[in-house]
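Descriptive analysis of the structure
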Amino acid sequence: MRFSRRVTIRQVATRAGVSEAAVSYALNGRSGVSEMTRAKVLAAARELGWAPNLAARSLGLSRANAIGLVLVRPPRVLIVDSYLTQMLSGVEAELNRNGMSLLLHLVDEVDDTVDVYRRWFAGRHVDGVIVTDVRSQDPRIDALVELGLPAAVIGGHTGPDTISSVDADAAGTAARVADYLRALGHRSFARVAGVAELLHTRQRDAAFADAVDRAGLDRHRVLHTNYSAVDGMRAMLDLMSGADPPTAVVFDNDVMAAAALKVVHDLGRSVPGDVSVIAWDDSDLCQITVPAITAVEQTPAHQAELTARALLRTLHTGEVSHTTLPPGTLHVRESTRPLRPRHP
């Protein structure tokens, strides 16, 4: 006996020549599409043999009053990662205002997330999910579209426009950092970045490369890490042990920037005397270190709050939105200063 794979909304959209959002509206009898578009979608659905996903439709009839969030992180990371704690507080704040609960799950690999989504969907445990740390080729996005499970992304994504997103302005923030370093007299600097496969890391890579060119800086080296203190220290040691170390280093998070201070001290050098340090993510940690670290305030709680709000709007009205926040605010502290000539 042969079994055919269930026809997806994406296939119907391709056949009809419309967006996946238009297909969703047309098939569910919602407003927002013209009668001509609705007719094209219904015709394409009939040609492909599309059948409604009854489990997905039942979610609209019996709400779980819960939103799911799966993090690809070891549990110990939650203790030291201020970005994650701020993000979770933003999600919780918006859900609490709307009488919704947050179902949080941690997994080791991104592929494990898809299995969790399928279990949640089959058991009607959540009404929708929030996605973070999107990869360039992310299996979670395709799985969510196939399941018909509403979602919103903290950050950007390259998937269909049926999934809302609230992104950060990497280009604007990188320009502020590069212009600030140039104003201090720095011409060569390095960036200790996060995980290379993450979409937002790639966005920052491209943004910094462009900002360096625009600011007229001479050299820009990037080292990718796993965001941990150990990786940050290893990267800083590599940079400062070279024949021509950078005069400034930008770290993609606060933990790595703080850990790098110890490396410089152990090498018998100083921050900012020998090298200036900037953290992309500001936190209390940046303010209590000695010296206090110049950092970019990214408002992750606000970004997460807006993402949760966008998801709830999708659940209630079917509306999908894509928002980009303003560039982060640079808080200047003691870890940066104007470049002084190095003596041989």
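The structure we're discussing is the one just above.
Rules and cut-offs
Residues numbered from 1 in each chain as written. Predicted model: local features only at pLDDT ≥ 70, side-chain atom pairs only at ≥ 80, totals over all residues. Heavy atoms only, no water. Helix = DSSP H or I, 4+ residues; strand = E, 2+ residues; numbered from the N terminus. Buried < 20%, exposed > 50% of the residue type's maximum accessible area, 1.4 Å probe, protein only. Contact = heavy atoms within 4.5 Å. Areas by Shrake-Rupley, 256 points an atom, 1.4 Å probe, with all protein chains shown as cover. Salt bridge = Lys/Arg side-chain N within 4 Å of Asp/Glu carboxyl O. Phe/Tyr/Trp six-rings, centres within 6.5 Å; stacked < 30°, edge-to-face > 60°. Pairing = 2+ DSSP bridges. Axes fitted to C-alpha atoms, helices over the stretch in contact; angles between N-to-C directions. Parallel < 35°, antiparallel > 145°, perpendicular 65-115°, else oblique. Left-handed = near helix turned anticlockwise from the far one by under 90°. Core = buried A, V, L, I, M, F, W, Y, C linked by side-chain atoms within 4.5 Å. Patch = residues over 30% accessible without salt bridge, like charges linked within 9 Å, V, L, I, M, F, W, Y side chains within 5 Å. Lys, Arg positive; Asp, Glu negative; His and termini not counted. Charge placed at Lys NZ, Arg CZ, Asp CG, Glu CD. Arc of directions from axis to C-beta.

This part covers the overall build of the protein. Within the protein one finds 14 helices and twelve strands. Considering the protein as a whole, with its 344 residues, one finds that 51% of them fall into the buried category. When contacts within the protein are restricted to residue pairs at least 6 apart in sequence, long-range pairs at least 24 apart make up 72% of them. A total accessible area of about 16200 Å² is found for the protein, and carbon and sulfur atoms account for 52% of it.

This brings us to the pattern of salt bridges. Counted under the stated rule, the structure contains 17 salt bridges. A salt bridge links arginine 191 to aspartate 252, with the nearest nitrogen and oxygen atoms 3.0 Å apart. One end of the pair, arginine 191, is in strand S6 (residues 188–193); the other, aspartate 252, is in the loop between strand S8 (248–251) and helix H12 (254–266), and 61 residues separate them in sequence. The same class applies to arginine 191 as to aspartate 252, namely buried. The shortest N-O distance in the salt bridge between arginine 309 and glutamate 305 comes to 3.2 Å. In this pair, arginine 309 and glutamate 305 both sit in helix H14 (residues 300–317), four residues apart, roughly one turn of the helix. Residue arginine 309 is classed as partly exposed on the basis of its relative accessible area of 33%. Connected via shared salt-bridge partners are Glu94, Arg97, Glu305 and Arg309.

In this section: the environment of arginine 10. Of note, arginine 10 is situated in helix H1 (residues 9–16). Arginine 10 sits 150 residues away from proline 160 along the chain, and the two C-alpha atoms are 8.6 Å apart. Excluding its chain neighbours within four sequence positions, the residues that come into contact with arginine 10 are Glu20, Asp142, Val145 and Pro160.

Glancing now at the packing of aromatic side chains. Under the defined criterion, the tally for this structure stands at three aromatic pairs. Measuring from centroid to centroid gives 6.5 Å for tyrosine 117 and tryptophan 120, while their planes differ by 45°, and the two rings are tilted. Note that tyrosine 117 and tryptophan 120 are positioned in helix H7 (residues 110–123) at a spacing of three residues, about one turn of the helix. In this structure, tyrosine 117 and tryptophan 120 share a single accessibility class: buried. Taken together, the ring pairs connect Phe189, Phe208 and Trp280 into an aromatic cluster.

Across the sheet, which stays open at both edges, the six strands sit in the order S7-S6-S8-S9-S10-S12 with mixed pairing between neighbours. Each end of this open sheet is capped by a strand with a single partner; those strands are strand S7 (219–224) and strand S12 (329–331). The sheet shows a mean angle of 20° between the axes of neighbouring strands, direction not considered.

What follows is about the packing of helix H6 (residues 82–97) against H14. H14 packs onto H6 with a crossing angle of 40° between their chain directions and a minimal axis gap of 7 Å. In terms of orientation, H6 and H14 fall into the oblique class. H14 is crossed by H6, and the crossing has right-handed handedness. On the side of H6, the interface is formed by Tyr83, Gln86, Met87, Ser89, Gly90, Val91, Glu94, Leu95 and Arg97, while H14 contributes Pro300, Ala301, Gln303, Ala304, Glu305, Ala308, Arg309 and Leu312.

Our next topic: the pairing of strand S5 (residues 164–167). Of the two faces of S5, the one holding Ser164 and Val166 and the one holding Ser165 and Asp167 are both buried throughout. When strand S4 (residues 151–154) meets S5, the two strands line up parallel, connected through three bridges. Within S5, the residue paired with valine 153 across the bridge is serine 165.

On to the nonpolar core. Counting residues in hydrophobic clusters, the biggest one holds 25 residues, and the most contacted among them are Val192, Met236, Val249, Phe251, Val275, Val277 and Ile293. At the level of elements, S6, helix H11 (229–240), S8, H12 and strand S9 (276–279) are the ones that each hand at least two residues to this core. Among the elements that line this core, the one with the most residues is H12, at seven residues. If near-sequence neighbours (up to four positions away) are discounted, methionine 236 is found in contact with Val249, Phe251, Ala260, Val263, Val264, Val275 and Val277.

The next thing to look at is a negative patch on the surface. Residues Asp108, Glu109, Asp111, Asp112 and Asp115 make up a contiguous surface patch of negative charge. One can find glutamate 109 in the loop between strand S2 (101–107) and H7.

Moving on, we come to H1. Every buried residue of H1 is listed here: Val12, Ala13 and Ala16. All buried residues of H1 fall inside an arc of 100° around its axis, so they share one side. Packing partners of the buried residues in H1 comprise helix H2 (20–27) and helix H3 (35–48). Remark: glycine 17 follows H1 within two positions and exhibits a positive phi of approximately 75°.

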